[in-house]
Each structure stands twice: as C-alpha cells, then as structure tokens.
Amino acid sequence: MSLFKARDWWSSALGEGEEFDQGCLCVGDVDNSGTGHDKVVVGSYMGMLRIFSPHTIKPNEGAQGLAESQLLEVNLHNAIIQIELGKFVSCSDLLHLAVLHPRKLSVYSVSGMAGNVEHGDQYQLKPVYEHNLQRTACNMTYGTFGGVTGHHSLCIQSMDGMLMFFEQDSYSFGRFLPGFLLPGPLVYNPRTDSFLTVSSARQLESYKYETLAVATEAENRQDADLPVKTGGKRLTPDWTFVLGEQALELSVPSFSHASSSIFVLGERNLYCLRDNGQIRFMKKLEYNPSCFLPYASLTDGTTNLLLGNHTNMLLVYQDVTLKWVAQLPFVPVAVRVASFPELKGVVVSLSSEGHLLCSYMGTDPSFFSTPKVDARDVDYEQMEAELKTLQKNIREASRTQDILPKADAQEDLTVTAVVSNSMDSPSRALIQDIDGLPVPSVTVQLKLKSSGVVQAPRLNVLVQPPLSVTQNNFVLDTMSAGSSTVVKFSAFLNGHYPPADLTGDITVSYNSPTGVPRVLQARFSLPLALVCVSTSPAKSTKFKITVDTNQPPVDLRAMFPEFSDKSEEKDGNSLAFLFLSGQKVSLVASKTSQRYRIQSDSFEDMWLIVKELVHRCDQHFSKLGFKDFRKSVSGPIPLQDYFLAIDHHFQLRVSAKQFQDLLSERAIQFRAIQRRLLTRFKDKTPAPLQNLDTLLDATYNQMMSLAEAAEDNQSQLDQAFAQLRSGTHLLVLLLSLWQGLPPDQTALLEATLLPLLQDTPQLGWEESCDAAVTHLLRTCLSRSPKDQAISLAQTGGPVLELPKDTARLKKHITLLCERIGKGGRLSLCSEANVQVPAQIQNLAAPDKEPKDKREDTSAADEVKRERKESASKEKKKESKEEAKRDSKEKRIRPRRRRTRTRRAGKGKSRETRKRPRSPPPKSRRRRSQRRERDEERRRGISFLPFCICIRTLTHEGRGAESSSLRLGGSAHGGQ
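What you see is a predicted model; the values in this text were computed from it and never measured. (Residues numbered from 1 in each chain as written. Predicted model: local features only at pLDDT ≥ 70, side-chain atom pairs only at ≥ 80, totals over all residues. Heavy atoms only, no water.)

Novice: An account of the overall build of the protein is needed here, citing residue identities and associated values.
Specialist: Looking only at helices and strands, one finds 14 helices and 48 strands in the protein. Out of the 975 residues belonging to the protein, those deemed buried represent 40%. Sequence separation of 24 or more characterises 59% of the internal contacts of the protein that already satisfy a separation of 6 or more. Of the roughly 56100 Å² that the protein leaves accessible, carbon and sulfur atoms contribute 50%. (Helix = DSSP H or I, 4+ residues; strand = E, 2+ residues; numbered from the N terminus. Buried < 20%, exposed > 50% of the residue type's maximum accessible area, 1.4 Å probe, protein only. Contact = heavy atoms within 4.5 Å. Areas by Shrake-Rupley, 256 points an atom, 1.4 Å probe, with all protein chains shown as cover.)

Take a look at the structure:
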C-alpha cells in the first residue's frame, strides 16, 4: 500500500467511446435538496448528461450499488461543451443547470420525487429556456454582471472572438474582442466586475463589463481593425499581462483567503496575479499540466491548489510549496472538490475517456504486524570484509570520469554492416561521369538482429559530403525476439571534390517493450576505389610527406590490390591515385630505406592516401605478428600549407556574410518600393509612377544576381570546408606520428581542431577551433601551474562570432604544435580538472608511501620557488614605483618652498621656511609592512606557503599520483 496514492472511494466508467474535456464536470446541489450535499454532473461530447450521487458501496452490492449512485442519464443529442450550475432563472433562488452546445444554450431544472415502489426516488430534467446561437460557441462563464445581485448572467465566447451576453431568457448584447485569432479560456472576476481571457498574443487581458457595454456593437463591426462607423467606444483592455505561453485554464477563487488572486495555468508555468494585473508569484513546472483547482487554505494569506499532470499525478501546492503528491490511475482533465453525506472534501476527477473517480489522499489503517524473526549472531569479520569491498568500489567509482553511461552487456538489437568488395554494375550514382571518369557506386548491406522485442525501429544513414546514398531513412516493422532484417543501399560520390572521410554512421532508434526509447549506433567504411582510380605517378609535385617505419617496405601492389591491376608500374615500389575531381597523389616506397613518400600538388588530397597507408601497414604487420611496429614522421610540420586552407575557408565565410548583408539591404529596398507602388495604385487620383516600376525591376534583378552569387559562394564554402577538414585530419595524423601520441590524446587533439562537422552562419569553424585550442593552451598545455590556476579561476569566455582575421587562430595553432613538440601532454582528466586553490575547501590526505612523499616535497619546493620569484618581482616593482614617486616629489618640492625676507636696521637677514620632508621610502615601506603584518595577525592569517600536488589518472584508470592541497597552520588558528 503506497502512502502517495489516491485512495479509491467511488468510481464509475461512463459509456464507451465517449470523450470528455475540462468543462464537462460540475459539482453542486443540482436538485436543490437543501441538505448541503453535492451531486456530480458530467456531460460528454456525445451529448450524454449524467448526474451521480456517490456513496460507499458495500462489497456485497457490486453493480447494484453503482446503479443506485446514478440519479439521471439523458441524451441531449448535441455535443456538450460546458456545464455550469447557478441562478439562471429570474424570480427564483433555486440552482439551475446551464448546458452549452455548439449552437445552443439550454437551461434546465433538475427535480427529484420520492418513489412509492422499490425502485427508489425519481429525477427529471425539465427545460426552462434555451437560446439558439448564430455563432459556434467555444466556452462560457457566469456571474453577477454589472453588480446585479440575486441572479446570474451568462457570457458565451464564440470561435470567432465574439462575447455574447445573456440575462436569463433574453439576449443583451455582443462584442468582438480586438486582435482576435483563436479563442482562449474565459472567466469572470466578480470583485472588479471584469472578464479575463488569454489572447492569441499569449497575454492575459482584462475587460471591464462597463467598457464592454458601451463599446461598439458587434453586429455593426465584425473587424476590430476597421474604423468605427456607428456610435460607441473602441474596445480596449483594462490591463494586460504577458504570459509568453498559451494558458490551459483560468480561475478566480471567491473564498476569503484569496480575495485578490487570479490563477493562470500555463503550459509550463503557474501564475498568481492580483486584480490589478500585478504578479504575486510564479511557479515553474517540471511537467506538462492538464488541469488545476484552487481551494481554501487553513493558513491566512495562502491558497491551496490541486494540480493534475500528464504523468497521472495529482499534486497539492500551498502557493508555490509542494505539500503532497498522489498517484491517479489516469490523466485528469477536470478536478473538483465535493462534500457527500458520508465523506467531506472528496476529490472528484474525470479523464478524457470517461473514468470518473472520487478519491481521498493518505492511506487506510493497516492492522498487519510483521512477524518476529529469529535473532542471528553478527559475523563482524564478514561485515568488515563487506565494508572494505564497498569502500573499494566507492573509490573506484569516484576515480572514473565517464560522462556517458555505460552500455548494457547485451543489447536488444545488433547492427552489422557489410560493404561489398566490388563496385555496382551498372552504377547507381546520380552523376554518371566527372571529367570523363565514370563515377562508381558500392552496395552496403545492413543486417539487424534482435534478441528481444524491438518496437518501431527507424534507421538513419549519414555519410560525409559530397558522398551520398540512394536512401538514408528506413522505417522498419516491429521485430520480435530472434528475428532479423536486411537493409541495402548504395553509396556514391555526388560532387566534384573528394570527401574528408570515407566512413558512414548508422543510427537506429527504437522503443523497448516497456516503452523506453533507445538509440543504437554503428559505423562502416567505404572503399578508397569509390573516389579515385589508379594512374601513372607524377614526376614533380609541390607537397611531400615522408613516413618512416622500423620494418622493410611492403610491396604496394600487395597492399593495394584493387589498384594494382590497372597500375602502369610493375615493380611495386610506386603507385599513383587519381581522384575523380582531378587531383593526383603518388605513393612511393623506398628501395634502400624503410620509408614511404606521399606527394601531390594538393595538400588536402593527400589525407585519404596517408590514412589508408598507415591503416593498411598496421593491418599487414599485425597479421604477420609484429607487435613492435612503429611509424613516425620527421621534419617540420607543414603549417603554412595548412594555413592556406584556413585563409581560403575564412574568405569564403566573409563573402557569405557580405552577400547576406547585401541581400538584406536589397530586400528592404524592394519592400519599400512595393509599398510606394501599392500606395500609388490605391490612390483614387492617378499619379505618375516616377520610374518606380523601373527601380522595382532593377532591384529584383539585383536580388536575383546576389542570390545566385550567394549560392555559388555557398557551394564553394562547402567544398572549402571539406578541404579544411581533410587538411585538419592530415595535420592531426602528422602530429600524432611526429610525437607518438597515444590514441586518447590523438582523439582529444582531433576533437579540438575539428569541433564542428558542418559550418553554419551562426557558428563557424574558426571561432570554435580557436576557443578549443585556447582552452588547451590555458589548461593542460599551460606553461606553469600558476597560469593554469589563474585560467581556471576565470569565469566566462569570449563570444563565439566571426573573427576579423585568422592571425590569432594561426598563432594559437602554432603554439599548440610547439608545446606538443616540447613534450606537452593532452588530457582532460589531469591538471585541467584540478580546482583553483582558493575554491578548495575539503582536502584529501596525502598517501603514505615514501615515493609519494618525495614527489609531494618536490612539488612543494617548486611552488615555493615560484612564490619567492613572484614575491621578488613584486618587491622590485614596488621599489621602482617608490623611486619614481620620490623623484617626482623631489622635482616638485623646490617649487613649494615659501621664503620670507625681513630687514632689521641696516643689516639684512633672510629667514627661509620649508615644508618638512617626507620620511625616506625605505622606512615608509617598513612601516606599511609592519601595519599589514599586525592586521593579518589580528585576523589569524599565517604566512606559511601551501603545496599543490596533482593527481592524474592514466588511460587504464589507475591512480598515478596523489592529489592534495596542504595549507600550513599557525599559532593564530589560520588554515
């Protein structure tokens, strides 16, 4: 038994296939019995009106008890939109039932007669009056409009924004709401005699009844934007409040504790406002609400709310504080509070399918008592061993820094990709040939095998441009356990430049049997023969790359068998590749040394060949059993060649921005000319166009030319970005071979230099790469721990926008390569994760091994040395400033001397008064230092240095060093 579950007191299922909504539930003494007990009135969109008097059903009553609870069931033959209970008949204080249909408003009286037979009491529904509506109704509200007491009036909102007012059996007037688009919730506030609604502008608007009454008649003006032709004032809201979202429901409680509250339930927020439109409080909801109901609170100044959501929960709030949560068996669309003869304060809730539930919160008393269990002796040794195991697991878990959750041991679905060894015949490429070379295509076969039930799997294939596939989206049927499905598609080149990567990504999204969405990813590699063919080697080229190995060169014809048949070279030491776009790349194996040379006239096009060479060499020597195969690159890294690709890409981005600005200017000019022409054409007296039509044609032609130029520039930008990606991949590979970087550091370097897979107008490669490289230079590649701590203490960062030039980016990339060349280690889980010393509060104790102590001491000495150097620099700086200040005072001091000369008799004596000199700078500095030291002693701050030691985690997860920060304490209690 759950404490947080609504306890079912009475429930009923209303019909089959019927629909219900917010206005279909009403609670009150509909038969005017005078007992003060409520009945439940429910109407459906199918026209069925039901009245219930719930009571406790005994176990032996069953269906008979439910039948006795239903007082009345009538088919009104029209959809019931809303039902309300009030004093809608003049000269009568009895409650009547108002039923709103799409084209009719009906008022009924419900009466009960005592039965003389065993069937019990009889209830009748008698119509009192009705109004046929000229417009389709949406919702309604009622109240004492205009301050009239003793009876209630009705206001109906139509689907086209008209408010129709009815006083009992007569129609009063109608008004159109200004700026109307779609109807929103409507409620009447009796305290201010005003109507509240939420417009399509997503703002809460208040209209006074007096303003509506004296406004322009709706029948004479259906458009609020047209000029007023009859008497009356223009309708304007008394006040507005911007919500920023659509409102689901409005409520104006009338109990004393909330005398000035207006509650608005939005899609994501709950608002409480005063009667003048000022907000009292706002609650941001973390779920999708469905309905709500304010009710009286026992605490003065607060209001309780019942709020239902789409997760079958009923929440109780006191203002913004959550007090209780109860689980419901359905999603409520309407909720009310009622009092019945046997139980008061019952929560009545209704679902959209017709499940009516009367429940209360809390739990029933349980008389179950747990049986006594046999006492067992505690095994302290076993408990201690278990405690050690748990502590070890906690330490291991705290050391790991995996952000993504680990995959399950066995997936519900497995995807296997198989790429065909031969090209398709005939080719399925959209472009049949490029510069006379046929464009081939290759078939990729995907096999999906499920170990459990997989519901609604969707498969998506993504390849890098300009590669393309015949079909990239597949919608599959639900797969049962043990079933398999095969999907085939073809990949081909669909552009006039080589791709940056020949790998493709497969994403499969599906739902588990429990409804949990899951995503599975796989990858496949396309053959090199898809984008190039063999040709004769070039004699002289512009760019060259040499790869050194520790094993003799391999026969290139055996390493590239798909190109050896068509190659013109027979010795196997050279091979040439011609890309379909026209660039040629030569591969030469040295006969006397253990080297391979790749050369071409294009720096970026060498990437695919170098990558394929390294990959096939690794595969070849791993098959032969060589575990110590090494490869490296000697010589300087060709950064200047790489910077050419960066500059080309940046210039195209600048051109794209210029084209966009010019198009915006021409579009503004085009619209201005159109407005001028429209004004001339609408004028009753014709006037000359003054060459506006010629200017319109010229502006249109300019816009078309700019659009075509922008399209050409965008295609060139896509090609430049692909070339830039190829050059970046090649640079990362050369850096990893140059310094022998492990795979984790290579992956980090690639993520730094390639943060984006695609350029966008809002975020480009230059600013993203610059931010990532700057972060590495300030953290793991910083010059000293002090610089790293300062950089980590800084909050925020530069705004990512298009830079003015690429000088800063190229400088940072050069610094990155230099620091990697000097032995810098790329890592996100070492120094970069150490917190700033001033922010660390809880410190870990150092390890007890002598080696760790020695390393801690060396780290402490290094930090102490750095602190001494910084202190000496500060002292020198202070002394220089003091010397400058003294020299300035000396220059000024003679001018401030005041000399007075007096004469006495014949002799002359001169008395000179001078201002007292300031103390020398050394004594003044000692005095200030003494004062600072006394002040720090008074505060309890010591001057002992601190020691920082870094804990790094290796790739395998082992702790390499201990990490702690030790602050020395003094006799004054400083830490």
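Novice: Summarise the sheet that holds strand β19 (residues 262-266); cite the residues concerned and give the values.
Specialist: Strand order in the open sheet made by the 4 strands is β18-β19-β20-β21, with antiparallel pairing throughout. Looking at the sheet topology across the chains shown, the edges are occupied by β18 (247-251) and β21 (279-284). Strand-to-strand twist of the sheet, defined as the mean angle between neighbouring strand axes without regard to direction, takes the value 15°. Summarising the sheet, β18 and β19 pair through 4 bridges and their orientation is antiparallel. Across the sheet, residue S251 finds its bridge partner in β19, namely F263. (Pairing = 2+ DSSP bridges. Axes fitted to C-alpha atoms, helices over the stretch in contact; angles between N-to-C directions.)

Novice: Give me the lowdown on the sheet that holds strand β7 (residues 96-100), citing residues and values where you can.
Specialist: Picture the strands of a sheet paired through backbone hydrogen bonds; they go either parallel or antiparallel. Taken in spatial order, the 4 strands line up as β6-β7-β8-β9 in an open sheet, and their pairing is antiparallel. Taken across any chain shown, the strands that pair with only one partner, and hence form the sheet edges, are β6 (82-86) and β9 (122-132). Averaged over neighbouring strand pairs, the angle between their axes works out to 25° when direction is ignored. Relative to β7, β6 runs antiparallel, the two sharing 5 bridges. If you follow E84 over to β7, its bridge partner there is A98.

Novice: Please provide a residue-by-residue account of the nonpolar core, values included.
Specialist: In a soluble, globular protein the nonpolar side chains are often hidden away together inside. Counting 97 residues, the largest nonpolar core has L448 and L528 as its most contacted members. Among residues more than four places away in sequence, those in contact with L528 are L502, F560, F563, F577, L608, I609 and E612. (Core = buried A, V, L, I, M, F, W, Y, C linked by side-chain atoms within 4.5 Å.)

Novice: Can you explain the pattern of salt bridges? Please cite residues and give values.
Specialist: Going through the model one piece at a time under the given rule, you end up with 22 salt bridges. The residue R50 makes a salt bridge to E18 at a minimum N-O spacing of 2.8 Å. Highlighted residues: R50 in strand β4 (residues 48-52) and E18 in the loop between β1 (7-13) and β2 (25-28), separated in sequence by 32 residues. Of the two residues, R50 and E18, both sit in the buried class. (Salt bridge = Lys/Arg side-chain N within 4 Å of Asp/Glu carboxyl O.)

Novice: Please give an account of unusual backbone geometry that cites residues and values.
Specialist: Along the chain, S425 connects to P426 via a cis peptide bond; the corresponding omega equals 0°. Note on placement: P426 falls in the loop between β29 (413-419) and β30 (433-434). Cis peptide bonds are those with omega within 30 degrees of zero, and the linkage from P465 to P466 qualifies with 10°. Note on placement: P466 falls in the loop between β33 (455-463) and β34 (467-469). One non-glycine residue, C91, lies in positive phi territory at about 60°.

Novice: Give a description of a nonpolar patch on the surface that names residues and reports values.
Specialist: Taken together, the side chains of V378, Y380 and M383 present a nonpolar region at the surface, about 350 Å² in accessible area. Here V378 shows up in the loop between β28 (355-360) and α3 (380-399). The exposure class assigned to V378 is partly exposed, which follows from its relative accessible area of 46%. (Patch = residues over 30% accessible without salt bridge, like charges linked within 9 Å, V, L, I, M, F, W, Y side chains within 5 Å.)

Novice: So what's going on with the pairing of strand β8 (residues 104-113)? Which residues, and what values?
Specialist: Most of β8 is tucked away, with 7 of its 10 residues classed as buried. Examined bridge by bridge, β7 and β8 share 4 bridges and lie antiparallel to one another. Bridged to V99 within β8 is S106. Of the pairings in the sheet, the one linking β8 to β9 comprises 10 bridges and is antiparallel in character. Residue pairing for β9: G112 is matched across the bridge by Y123.

Novice: Explain the environment of E342 to me, and be specific about the residues and the numbers.
Specialist: The topology assignment puts E342 in the loop between β26 (332-338) and β27 (346-351). Take E342: its relative accessible area is 47%, and that puts it in the partly exposed class. Taking C-alpha positions, E342 is 7.5 Å from T56, a pair spaced 286 residues apart along the chain. Apart from residues no more than four positions distant in its own chain, E342 is found in contact with W9, H55 and T56.

Novice: Quick rundown of the side chain of E612? Include the residues and the values.
Specialist: Mapped onto the elements, E612 comes out in helix α6 (residues 606-623). Residue classification places E612 among the buried positions, given a relative accessible area of 17%. Leaving out residues up to four positions away in the same chain, E612 has contacts with L528 and F560.

Novice: Residue-level account of α6, with values.
Specialist: In this model, α6 (18 residues) spans 26 Å end to end at C-alpha, consistent with the 26 Å of a helix rising 1.5 Å per residue. The complete set of buried residues in α6 reads M606, W607, L608, I609, V610, E612, L613, V614, R616, C617 and F621. A positive phi of about 90° marks G625, the residue just after α6. (Expected span 1.5 Å × (residues − 1).)

Novice: Explain helix α12 (residues 807-821) to me, using residue names and the numbers behind them.
Specialist: Its 15 residues give α12 an end-to-end C-alpha distance of 21 Å, which sits within 8% of 21 Å, the value for a rise of 1.5 Å per residue. On its buried face, α12 sits against α7 (639-682), α8 (692-739), α9 (743-753) and α10 (765-778). Backbone geometry just downstream of α12 places G823 in the positive-phi region, at approximately 100°.

Novice: So what's going on with the packing of aromatic side chains? Residues and values would help.
Specialist: Counted under the stated rule, the structure contains 25 aromatic pairs. Taken together through their ring pairs, the aromatic side chains of F145, F165, F173, Y188, F195 and Y209 make up a single cluster. (Phe/Tyr/Trp six-rings, centres within 6.5 Å; stacked < 30°, edge-to-face > 60°.)

Novice: So what's going on with the pairing of β33? Which residues, and what values?
Specialist: By the bridge criterion, 7 bridges tie β33 to strand β37 (residues 503-511) in an arrangement that is antiparallel. Within β37, the residue paired with L462 across the bridge is D505. Taken together, the 3 bridges between β33 and strand β35 (residues 473-475) define a ladder with antiparallel strand orientation. What sits directly across from R458, in β35, is V475.

Novice: Hey, could you go over the environment of P761 for me, with residue numbers and the actual values?
Specialist: As for its placement among the helices and strands, P761 is situated in the loop between α9 and α10. Each C-alpha atom of the pair P761 and E801 lies 9.7 Å from the other, and the pair is 40 residues apart in sequence.

Novice: Kindly report on the packing of α8 against α9, identifying the contributing residues and their values.
Specialist: Two elements in contact, α8 and α9, have axes separated by 10 Å at closest approach and are oriented at 150°. Taken together, the axis directions place α8 and α9 in an arrangement best described as roughly antiparallel. For the pair α8 and α9, the crossing hand works out as right-handed. Mapping the contact onto sequence places T728, H729, L731, V732, L735 and S736 in α8 and T746, L749, E750 and L753 in α9. For the contact of α8 with α9, the class distribution of residues is 5 nonpolar, 4 polar and 1 charged. (Parallel < 35°, antiparallel > 145°, perpendicular 65-115°, else oblique. Left-handed = near helix turned anticlockwise from the far one by under 90°. Nonpolar A, V, L, I, M, F, W, Y, C, P; charged D, E, K, R; others polar.)

Novice: Could you give me a rundown of the confidence of the model for the protein, with the residues and numbers involved?
Specialist: Considering every residue of the protein, the mean pLDDT works out to 79; 77% of them sit at 70 or more. Ignoring residues within four places in sequence, the model shows residues 830-860, a span with pLDDT below 50, making 44 contacts including any to other chains. Note on residues 892-914: pLDDT is under 50 here. Beyond four places in sequence and across chains, it has 15 contacts. (pLDDT = per-residue confidence, 0-100.)

Novice: Give me the packing of α6 against α8: which residues, what numbers.
Specialist: Where α6 meets α8, the axes come as close as 8 Å, and the angle between the chain directions of the two elements is 40°. Comparing their axes, α8 and α6 come out oblique. Crossing of α6 against α8: the hand is left-handed. Here M606, W607, V610, K611 and V614 of α6 come into contact with α8, specifically with S726, H729, L730, L733 and L737. Each residue belonging to the contact of α6 with α8 can be placed in one class, and the counts come to 7 nonpolar, 2 polar and 1 charged.

Novice: Which residues make up the side chain of E18, and what values go with them?
Specialist: Residue classification places E18 among the buried positions, given a relative accessible area of 10%. Here S44 takes part through its side chain, which lies 2.7 Å from a polar atom of the side chain of E18. Residues contacting E18, with those up to four places away along its chain left out, are S44, M46, M48, R50, S352 and E353. (Polar contact = N/O pair within 3.5 Å; in protein donor to acceptor, adjacent residues only side chain to side chain.)

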